[in-house]
Amino acid sequence: MNFFEFVFQDWRANQGNIKGRLILVLFRIANFCARRRIYYYLGFLYLLFYRILVEWFFSTEIPWNTKIGRNLRLYHGQALVMTNQVVIGHNCTLRQSTTIGNKQTATGFSTSPVIGNHVDIGSNVCIIGPVTIADYVNIGCGAVVVKSVDPYCVVTGNPGVMRKRKDWQDISLIDEQTKSII
Ligand SMILES: CC(C)(COP(=O)(O)OP(=O)(O)OC[C@H]1O[C@@H](n2cnc3c(N)ncnc32)[C@H](O)[C@@H]1OP(=O)(O)O)[C@@H](O)C(=O)NCCC(=O)NCCS
Ligand SMILES: CC(=O)OC[C@H](N)C(=O)O
């Protein structure tokens, strides 16, 4: 992926969403610099600019070295906080007032969540600790997720309760067909 493709990898997923596009382009430039040591030094001033503009002014804390797959959809772009250990797959959706991070333990901090592909995270969600969210999961608004979630599930409530998505058979069928084509 060249620089241009890398920076605009979320552009289509955020059609009609200027703020989401702007934040993600700024993030991908920072992410490009952070992943390559040479650019990290050259781009230090940019990284500072990114941090001040996106974190302080847009209140969206996506650390520049977070691993996030392509086609991230970012709705409403505010009060979103995550640690740089979070891993997010392809084709995911994030919304406002959401925290994805670690948990305090007796000896320090836990690891952070690993989120699969096609995961849709509602508004006001907390996902904390060493949990894995599998592919095609929907996390309902206001959910607090402290345990791992199986594929094709919906999680709602505090503490989050998991059940199969109503459309899981349709999705898994499409998914199997795609896999067999590939
Ligand atoms: C969870 C969600 C994905 C819908 O899943 P669904 O399978 O279509 O759920 P339904 O609407 O059929 O509701 C099924 C049950 O879950 C409950 N439920 C739905 N969403 C819920 C939520 N966020 N928290 C708690 N319970 C919820 C319903 O009350 C219903 O309960 P019942 O069976 O006792 O009547 C959706 O409700 C949601 O929360 N999406 C997030 C979207 C969002 O954040 N929007 C904000 C935009 S800014
Ligand atoms: C507040 C709201 O309903 O926003 C809609 C938006 N498309 C989203 O899913 O986040």
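Residues numbered from 1 in each chain as written. Chains lettered and ligands numbered in written order. Predicted model: local features only at pLDDT ≥ 70, side-chain atom pairs only at ≥ 80, totals over all residues. Heavy atoms only, no water.

Peer 1: In this structure, what is going on with the nonpolar core? I would like to understand it.
Peer 2: What tends to happen in soluble globular proteins is that the nonpolar side chains get buried as a cluster. Formed by 37 residues in total, the largest nonpolar core has its most connected members in I127 and I133. If you list the elements that add at least two residues to this core, you get helix 2 (18-35), helix 4 (44-57), strand 4 (80-82) and strand 16 (153-156). Excluding residues within four positions of it along the chain, I127 makes contact with T99, I100, G101, P113, I115, I121, I133, I139 and V145. (Core = buried A, V, L, I, M, F, W, Y, C linked by side-chain atoms within 4.5 Å. Buried < 20%, exposed > 50% of the residue type's maximum accessible area, 1.4 Å probe, protein only. Helix = DSSP H or I, 4+ residues; strand = E, 2+ residues; numbered from the N terminus. Contact = heavy atoms within 4.5 Å.)

Peer 1: What is the right way to read the site of ligand 1 from this model?
Peer 2: Around ligand 1, the surrounding shell consists of H76, R95, Q96, G122, S123, G140, C141, V154, T156, R163 and K166. Contact between ligand 1 and S123: an oxygen atom at 2.8 Å from a main-chain N or O atom of the residue. Here ligand 1 loses 45% of its free accessible area of 910 Å² to cover by the protein chains. (Near = heavy atom within 4 Å. Polar contact = N/O pair within 3.5 Å; in protein donor to acceptor, adjacent residues only side chain to side chain. Areas by Shrake-Rupley, 256 points an atom, 1.4 Å probe, with all protein chains shown as cover.)

Peer 1: Looking at this structure, how should I read the environment of G116?
Peer 2: Its location among the elements puts G116 in the loop between strand 10 (114-115) and strand 11 (120-121). Separated by 35 residues in sequence, G116 and P151 have C-alpha atoms that sit 8.9 Å apart. Ignoring any residue separated from it by four or fewer positions in sequence, one finds G116 in contact with I88, G89, H90, C92, I133, A134 and D135.

Peer 1: What is the right way to look at the pattern of salt bridges in this model?
Peer 2: A side chain with one charge can pair with a side chain of the opposite charge if their charged atoms come near. If you walk through the whole model with that rule in mind, you get four salt bridges. One salt bridge in this structure joins E55 and R51, with 3.2 Å as the shortest N-O distance. Of this pair, E55 and R51 both sit in helix 4, four residues apart, which is roughly one turn of that helix. For R95, the salt bridge goes to D120, with nearest N and O atoms at 2.7 Å. Note that R95 is positioned in the loop between strand 6 (93-94) and strand 7 (98-101) and D120 in strand 11, a separation of 25 residues in sequence. (Salt bridge = Lys/Arg side-chain N within 4 Å of Asp/Glu carboxyl O.)

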